[in-house]
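# Topology and contacts: notes
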Amino acid sequence: MTSLGGGAVVAVGLYLTAILAVGYAARRLRTSESLADFYLAGRQLSGPVLLLTLYATQYSGNSLIGYPGEAYRLGFSWVMSVGFMMAIIVSYLLYAPQLYAVARRHHFITPGDWLTHRFGSPALTLVANLLLVAAIANYLLAQLMAMGHITAGLSGGAVPYWIGVVLLTLVVLVYETVGGMRAVAWTDLVQGLMLIVGLTGLLIAAAPTPTHMAAVTEWLAREAPEKVAVPGWDVCRNWFSTLALIGFSGAVYPQAIQRIYAARDTTALRRSFSIMVFMPMVTTGSIFLVGVIAIERLAGVGPIEADQVMPLLLTEWGTSSPLLYALSLLVIVAVVSAIMSTADSVLLSLSSILAKDILGKTVLAGAEEARLTRTGKLVSWVLVATLVGIALNPRITLWGLTELKMEILAQVAPLFILGASWNKLKTRAALAGMLTGTTLYAILLATGQPEPWNIHAGVVALMVNVAVCVSATYLGQAETVPSAGQARSTA
Amino acid sequence: MTDSVPPDQHPEHFPRWIWPVYVALFAGSVPWYIPADAPLRIWIGLPHWVVISLGSTLGVSVFTWFIVHRFWPTPADRTDEDARR
């Protein structure tokens, strides 16, 4: 199998140049060196920009490289991916309107600002921030790996994995350092549009018409019947578990929370959500079908790694006809867009948490905002250098990294979802829940039980976490005489 | 802050009845209720249980679009102390 050759290099090169230009243009609009301007674009994201930055951030290298691989591996049961991406949107409804209102009044910048405001416990905020950093650093690592996979896969190995990781990471670092959230949101706008164009190209190339899909389904029924069969109860249990895991965890990505903060007004937020609700069907649904088609399409290739499915598919299409070659180039740019748009958002979020919430409250306590902003930029470069080092020696698949990240995030989710929607939740109960859930998750992993009863260890831990939150809150109420303030808050 | 929804449509939270609807729709998207040994039936090119799952998820999309437009809450102001404990 040959690569897509020089055309792919030129297409990606043009795209990277355009993205850098957009990043520099965004820099000209900055109004100050404040944290709010750098990390939230001055809280002025309009509906369309907010929609596309949420979209481009949510659909990542995992979506375009990892998910087709899972569909290839599992068959039709990967239709669960459409549902769990939808579950994220529904989970937003549990807390986003309340969080947005409070964030506007109190000028929040990081997720930690909400935790400090809601719970008033430095210990809780620190533990939650450490978990958030661990989870999204993991996520960033997944994007860096995806950069390498797509480069190596599409060039047939001519451009090595490590060059893809280093080059694309460098571009992200440059435009993010010069323009902050404004550059990230603007590039996300371009990247989101490229993603839509690329998906259209993918659908034209894959042609999942009912007739074609029927032929694929019948072929699968003959050659790999387990990939067509109705899932058994054990798979369904795992399906429910995945809905809960991704639904709750995906809704509390720090970078998504910061986009809620950055919305210009309620109307912008509401309008962007009202369109986002259709994106799982359009995006994940299309990717799912392409992954299933790949099972038949790549049947002659022999055993392949899940993460190599999309690059191989694009390469094969690219050698079939000039039209498919052109469409493949579009998809390549879309894939690179999806990876970079997630990487930049995650990196910006990590930088804000480390600079403002961790360094800004310890060694840089009392520092001016401009200094914290500069520190955040420096932290980004140091952090990425470390992660690039890890990405160059990957020992886990993209989906594996996704699950790990989600299971850590799940233990923080109650602080946002329960915290915003349930006034009774007490600080000590929330802290106890998070610590218990995280400890249980670590024990289950350490004892070789990542999925007891086909339920993710992170979901088992989340259930215990929530149970502790609820029971400790009620026990705490029973043990203390309610004050006037407590009576008011629980009314 | 601008908002085009009339004031009388601003609740504090989404109405509680929407959550059982979500549970039902998500439960419908997982084919636990279809026997594992059911014969293969192909609807619009896909196994029938896949079409049912996608249909339920589309239901979630349409339902969410409706409630976002109709019931998006605008929480009332609360003091810091109220929010904390």
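Residues numbered from 1 in each chain as written. Chains lettered and ligands numbered in written order. Predicted model: local features only at pLDDT ≥ 70, side-chain atom pairs only at ≥ 80, totals over all residues.

## Notes on the overall build of chain A
In terms of helices and strands, chain A carries 21 helices and zero strands. Relative to a compact globule of 491 residues, whose C-alpha radius of gyration would be 23 Å, chain A shows 22 Å and is just as compact. The dimensions of chain A, computed from C-alpha atoms along their principal axes, are 75 × 55 × 40 Å. Residue burial in chain A is summarised as follows: out of 491 residues, 59% are buried. For chain A, long-range pairs separated by at least 24 residues make up 84% of all intrachain contacts whose partners lie at least 6 apart in sequence. (Helix = DSSP H or I, 4+ residues; strand = E, 2+ residues; numbered from the N terminus. Rg over C-alpha atoms; globule rule 2.2 N^0.38 Å. Buried ≥ 20, exposed ≤ 12 C-beta atoms within 10 Å, placed from the backbone. Contact = placed C-beta atoms within 7 Å.)

## Here's the deal with the interface of chain B and chain A
At the junction of the two partners, chain B supplies 44 residues and chain A supplies 52 residues. Of all the secondary structure elements, the ones that give two or more residues to the side of chain B that touches chain A are helix 1 (18-29), strand 2 (46-47), helix 2 (48-71) and helix 3 (80-84) of chain B. Broken down by element, the side of chain B that touches chain A gets its largest block of residues, twelve residues, from helix 2 of chain B. Of the residues belonging to the side of chain B that touches chain A, the class tally is 27 nonpolar, eleven polar and six charged. (Nonpolar A, V, L, I, M, F, W, Y, C, P; charged D, E, K, R; others polar.)

## Some details on the nonpolar core
Residue and element names in this part refer to chain A. Core analysis: the biggest nonpolar cluster contains 190 residues, and Leu99, Leu140, Ile260, Ile332, Val335 and Val336 have the highest contact counts within it. Shared between two domains, this core holds at least three residues of each, these being domain 1 (5-410) and domain 2 (422-491). Those residues in contact with Ile260, other than ones at most four positions away along the chain, are Ala96, Leu99, Tyr100, Ala103 and Leu269. (Core = buried A, V, L, I, M, F, W, Y, C linked by C-beta atoms within 7 Å. Domains from an automatic or database assignment.)

## Notes on the packing of helix 9 (residues 210-223) of chain A against helix 13 (residues 279-297) of chain A
Residues and elements named next belong to chain A. Put simply, helix 9 and helix 13 touch, their axes get as near as 10 Å, and they point 60° apart. Relative to helix 13, the element helix 9 lies oblique. Between helix 9 and helix 13 the crossing geometry is left-handed. For the pair helix 9 and helix 13, the contacting residues are Val216, Trp219 and Leu220 in the first and Val292, Ile293, Ile295 and Glu296 in the second. Considering only residue class, the contact of helix 9 with helix 13 consists of six nonpolar, no polar and one charged. (Axes fitted to C-alpha atoms, helices over the stretch in contact; angles between N-to-C directions. Parallel < 35°, antiparallel > 145°, perpendicular 65-115°, else oblique. Left-handed = near helix turned anticlockwise from the far one by under 90°.)

## Quick word on the domain arrangement of chain A
Residues and elements named next belong to chain A. Domain boundaries assigned for chain A yield domain 1 (5-410) and domain 2 (422-491). Taken together, the 19 residues of domain 1 in the interface contact 16 residues of domain 2. Those elements giving two or more residues to the side of domain 1 that touches domain 2 turn out to be helix 7 (122-154), helix 10 (233-250) and helix 17 (398-410). For the side of domain 1 that touches domain 2, the element with the most residues is helix 10, which contributes seven residues. Taken together, the residues of the side of domain 1 that touches domain 2 sort by class into eleven nonpolar, four polar and four charged.

## Regarding the confidence of the model for chain A
Residues and elements named next belong to chain A. Scored by pLDDT, chain A comes out at a mean of 88, with 94% of its residues at no less than 70. Per-element confidence in chain A ranges from a low mean pLDDT of 37 for helix 21 (residues 484-490) to a high of 96 for helix 6 (residues 111-119). A low-confidence stretch, residues 481-491 (pLDDT under 50), is modelled with nine contacts involving residues beyond four sequence positions or located in other chains. (pLDDT = per-residue confidence, 0-100.)

## Considerations on the packing of helix 5 (residues 80-106) of chain A against helix 13 of chain A
Residues and elements named next belong to chain A. Two numbers describe how helix 5 lies on helix 13: the axes approach to 8 Å, and their chain directions differ by 155°. The orientation of helix 5 relative to helix 13 falls into the category roughly antiparallel. Note on packing geometry: the crossing formed by helix 5 with helix 13 is right-handed. Side by side, helix 5 and helix 13 meet where Ser81, Val82, Met85 and Met86 of the first sit next to Pro280, Met281, Thr284, Gly285 and Phe288 of the second. Classifying every residue of the contact of helix 5 with helix 13 by side-chain character gives six nonpolar, three polar and no charged.

## Examining the confidence of the model for chain B
Residue and element names in this part refer to chain B. With 74% of its residues at a pLDDT of 70 or more, chain B shows a mean pLDDT of 82. The weakest mean pLDDT in chain B belongs to helix 3 at 47; the strongest belongs to helix 1 at 97. Below a pLDDT of 50 lies the segment residues 1-10, which in the model reaches twelve contacts outside its immediate sequence neighbourhood of four places, other chains included. Below pLDDT 50 for its whole length, residues 77-85 participates in 15 contacts with residues either more than four positions away or in separate chains. Here the complex is predicted with pTM 0.88, and the ipTM for its interfaces comes to 0.88.

## Observations regarding helix 3 (residues 47-58) of chain A
Residues and elements named next belong to chain A. For helix 3, spanning twelve residues, the distance from its first C-alpha to its last is 16 Å, which sits close to the expected 16 Å at 1.5 Å a residue. Along helix 3, ten of the twelve residues are buried, which leaves the element largely enclosed by surrounding structure. Listed in full, the buried residues belonging to helix 3 are Val49, Leu50, Leu51, Leu52, Thr53, Leu54, Tyr55, Ala56, Thr57 and Gln58. For helix 3, the elements touching its buried residues are helix 8 (161-206), helix 11 (254-262), helix 12 (266-276), helix 13 and helix 15 (322-359). (Expected span 1.5 Å × (residues − 1).)

## Focus: helix 19 (residues 427-446) of chain A
For helix 19 of chain A, spanning 20 residues, the distance from its first C-alpha to its last is 28 Å, which sits close to the expected 28 Å at 1.5 Å a residue. Of the residues trailing helix 19 of chain A, Gly448(A) is marked for its positive phi of about 70°.

## A word on unusual backbone geometry
All names here are of chain A. The residue His107 is not glycine, and still its phi comes out positive at about 55°. Of note, His107 is situated in the loop between helix 5 and helix 6. Residues other than glycine seldom take positive phi values, yet Ala207 does so here, at roughly 45°. Ala207 gets classed as exposed once you count the C-beta atoms within 10 Å, which come to 11.

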